Amino acid sequence: MTRETGTYRASTYHDETVKAFVPHPLPPANPPLTVEGDLAERHAAAAEAISRLRVAGAMVPDPGWFLYGFVRKEAVLSSQIEGTQATLRDVATFEATSSTDRPDDVEEVCNYVDGLRHARSAIIDPAGLPLSTRLLCDVHRILMRGVRGADKLPGEIRRSQNWIGGSRPGNARFVPPPHEEVAPALAALEKWVHSDDPLPPLVKAGLAHVQFETIHPFLDGNGRIGRMLVTLLVEHWGLLDQPLLYLSVAFKRRQQAYYTHLAAVRTEGDWEGWTAFFLDCVADAANDGVRIAQAIHELTHRDRERVVRHDRATIAAVQLLDRLPSTPVLTVPKARELLGITAPPARKAVDLLEQLGVLRETTGKQRDRVYAYHAYLELLTES
Ligand SMILES: Nc1ncnc2c1ncn2[C@@H]1O[C@H](COP(=O)(O)OP(=O)(O)OP(=O)(O)O)[C@@H](O)[C@H]1O
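For clarity, every value in this text was computed on a predicted model and none was experimentally measured.

> Summarise the overall build of the protein; cite the residues concerned and give the values.
The number of helices and strands found in the protein is 16 helices and five strands. The C-alpha atoms of the protein give 23 Å as radius of gyration, which agrees with the globular expectation for 383 residues (21 Å, within 12%). Overall size of the protein, expressed as C-alpha extent along the three principal axes, is 75 × 50 × 40 Å. In the protein, buried positions account for 43% of the 383 residues. The long-range fraction of contacts in the protein, counting pairs at least 24 apart against all pairs at least 6 apart in sequence, stands at 67%.

Structure, rendered in structure tokens:
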């Protein structure tokens, strides 16, 4: 969306445009919504899918296995809604080798991963910031690190008018509230999020998202931070013990409907329509998560059996296999570092995993070879 989003400077436009430009009013942070009938059914389906995801998340010995894949997959997809081209493989390769053909794209995805990590540790740490505007500003600062974000006021609420779609506010698809209204609107949203409003948490998370997107507090990155807000809220409210709910895939599948429903809350007060849509996306995303979790479990279990049964299996090879879901691209020096061993056993372990087809060499070179846990990356990319 960045390419369509602009910053309004009064002097750039003719008077008629300025007059024609009326920012859209905010919906209230605590809308009149009751969860009954069809909405109650959709909520039940979403809540059940979340419960299944919670169980699936506990299925593997190391939660880091899922987190690696899920978080990076979300970062890649969330950034692809934005227009970044980096793939999961690009990111994993950069993490293993510190080199990439797409430095800006990969940086954006890595920033997202770091931002989420920062927010989670702040929330968990009793001395850290709670889930608040200040914390979201910190996440924004991390997300906007580097060349692309430098002129987007990293970590700061906007001080000018922005808009979505179109070349100026007068022909924009959506003109968020004036910048003077942003801080009070965020404060009201924060207060409501932490209030004891009896709405079910999943419904509250959806309403927080639409309100956040309508406020559009930053010059860029509002979509990514607003989606991350849902992931954080769901974990914060204890619906999941890990940040396993990622909505980007589900939103991306219905991108037009996503934007239409967001807009309809503001233009028609259609909270029910948005909430129904959001709950369906939650159910979808949670079901995706369960499927991916099971597939990762089956793949790693099968590969482990193959390694353990091999007559030249070594302890290092088994240990290296266990590290692959959180380091799916590696080099021999990286394998040495991971396992704290010398080069010969590390090379032997990598060779065995390559021979079994678990690892695939990706460069075709004789030196500085790079290996990928191909099936795992495919699984995360396709699903
Ligand atoms: N009509 C609308 N009303 C409210 N919010 C909208 C509307 N259309 C899109 N949005 C939200 O604005 C986001 C885009 O804003 P922005 O460009 O600041 O975010 P981004 O994170 O950089 O981009 P993206 O969300 O595309 O990755 C969309 O993802 C969506 O959440």
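Okay, back to it.
> Describe the UniProt feature "active site" (unreviewed entry) in the protein, naming the residues involved and giving the relevant values.
The feature "active site" (unreviewed entry), as given by UniProt, occupies His216 in the numbering adopted here. Note on placement: His216 falls in the loop between helix 8 (201-215) and helix 9 (222-236). The contact partners of His216, leaving out residues within four places of it in the chain, are Asn162, Pro176 and Asn222.

> Tell me what's going on with helix 8, and back it up with residues and numbers.
In an α-helix, one turn spans 3.6 residues, which is why side chains three or four residues apart end up on the same side. Between its terminal C-alpha atoms helix 8 stretches 21 Å, which fits the 21 Å expected from 15 residues at 1.5 Å a residue. Across the 15 residues that make up helix 8, a large majority, 14, are buried. Two residues or fewer after helix 8 comes His216, characterised by a positive phi angle close to 45°.

> Can you lay out helix 4 (residues 88-97) for me, pointing to particular residues and giving the numbers?
All of the buried residues in helix 4 are Leu88, Val91, Ala92, Thr93, Phe94 and Glu95. Just downstream of helix 4 lies Ser98, where phi reads positive at about 60°.

> Give a detailed account of the nonpolar core, specifying residues and quantitative values.
Leu245 and Val282 are the most contacted members of the largest nonpolar core, which has 102 residues in total. Here this core gets 15 residues from one element, more than from any other, and that element is helix 12 (residues 271-309). Each of two domains, domain 1 (35-287) and domain 2 (310-382), supplies a minimum of three residues to this core. In this structure, Val282 is in contact with Ala46, Leu202 and Leu245, ignoring residues within four places of it in sequence. Trp163, Ile164, Ala172 and Phe174 belong to the second-largest nonpolar core, a separate cluster that totals five residues.

> Give a detailed account of the packing of helix 5 (residues 103-124) against helix 9, specifying residues and quantitative values.
Packing of helix 5 against helix 9 leaves a shortest axis separation of 11 Å and a crossing angle of 35°. With respect to the hand of their crossing, helix 5 and helix 9 are arranged in right-handed fashion. Across the interface between the two elements, Tyr112, Gly115, Leu116, Ala119 and Ile123 of helix 5 pack against Arg224, Met228, Leu232 and His236 of helix 9. Class assignment for the residues of the contact of helix 5 with helix 9 results in six nonpolar, two polar and one charged.

> Residue-level account of the sheet that holds strand 3 (residues 329-330), with values.
Strands sit in the order 3-5-4 across an open sheet of three strands; the sheet is antiparallel. The open sheet has two edge strands with one neighbour each: strand 3 and strand 4 (359-361). By the bridge criterion, three bridges tie strand 4 to strand 5 (residues 371-373) in an arrangement that is antiparallel. By the bridge assignment for strand 5, Arg360 is matched with Ala372. Packing of helix 15 (residues 343-355) onto the sheet brings it into contact with strand 4 and strand 5, and relative to strand 4 it is tilted by some 95°.

> Please give an account of the confidence of the model for the protein that cites residues and values.
Detailed conclusions should not be drawn from predicted coordinates in areas where pLDDT is low. When pLDDT is averaged along the protein, the result is 88, and 92% of the positions lie at 70 or above. Predicted confidence for residues 1-20 stays below pLDDT 50, and this span has 29 contacts to residues more than four positions away or in other chains.

> Describe the domain arrangement of the protein, with residues and values.
Here the domain parsing of the protein yields domain 1 (35-287) and domain 2 (310-382). Here the C-alpha centroids of domain 1 and domain 2 sit 33 Å apart. Contacts between domain 1 and domain 2 engage eleven residues on the former and 13 residues on the latter. Contributing elements (two or more residues each) for the side of domain 1 that touches domain 2: helix 3 (63-82) and helix 4. Among the elements that line the side of domain 1 that touches domain 2, the one with the most residues is helix 4, at six residues. Class assignment of the residues belonging to the side of domain 1 that touches domain 2 gives a composition of five nonpolar, four polar and two charged.

> Pulling in residues and values, what's your account of the packing of helix 4 against helix 16 (residues 374-382)?
Relative placement of two packed helices is described by the angle separating their axes and the distance separating the axes. In contact at an axis separation of 10 Å, helix 4 and helix 16 are set at 140° when each is read in the N-to-C sense. Considering the angle they form, helix 4 stands oblique to helix 16. Every residue of helix 16 that contacts helix 4 at Leu88, Arg89 and Ala92 is listed here: Leu377, Leu380 and Thr381. For the contact of helix 4 with helix 16, the per-class residue count stands at four nonpolar, one polar and one charged.

The rules we used
Residues numbered from 1 in each chain as written. Predicted model: local features only at pLDDT ≥ 70, side-chain atom pairs only at ≥ 80, totals over all residues. Helix = DSSP H or I, 4+ residues; strand = E, 2+ residues; numbered from the N terminus. Rg over C-alpha atoms; globule rule 2.2 N^0.38 Å. Buried ≥ 20, exposed ≤ 12 C-beta atoms within 10 Å, placed from the backbone. Contact = placed C-beta atoms within 7 Å. UniProt positions renumbered as here; feature names shortened; annotations may be inferred. Expected span 1.5 Å × (residues − 1). Core = buried A, V, L, I, M, F, W, Y, C linked by C-beta atoms within 7 Å. Domains from an automatic or database assignment. Axes fitted to C-alpha atoms, helices over the stretch in contact; angles between N-to-C directions. Left-handed = near helix turned anticlockwise from the far one by under 90°. Nonpolar A, V, L, I, M, F, W, Y, C, P; charged D, E, K, R; others polar. Pairing = 2+ DSSP bridges. pLDDT = per-residue confidence, 0-100. Parallel < 35°, antiparallel > 145°, perpendicular 65-115°, else oblique.

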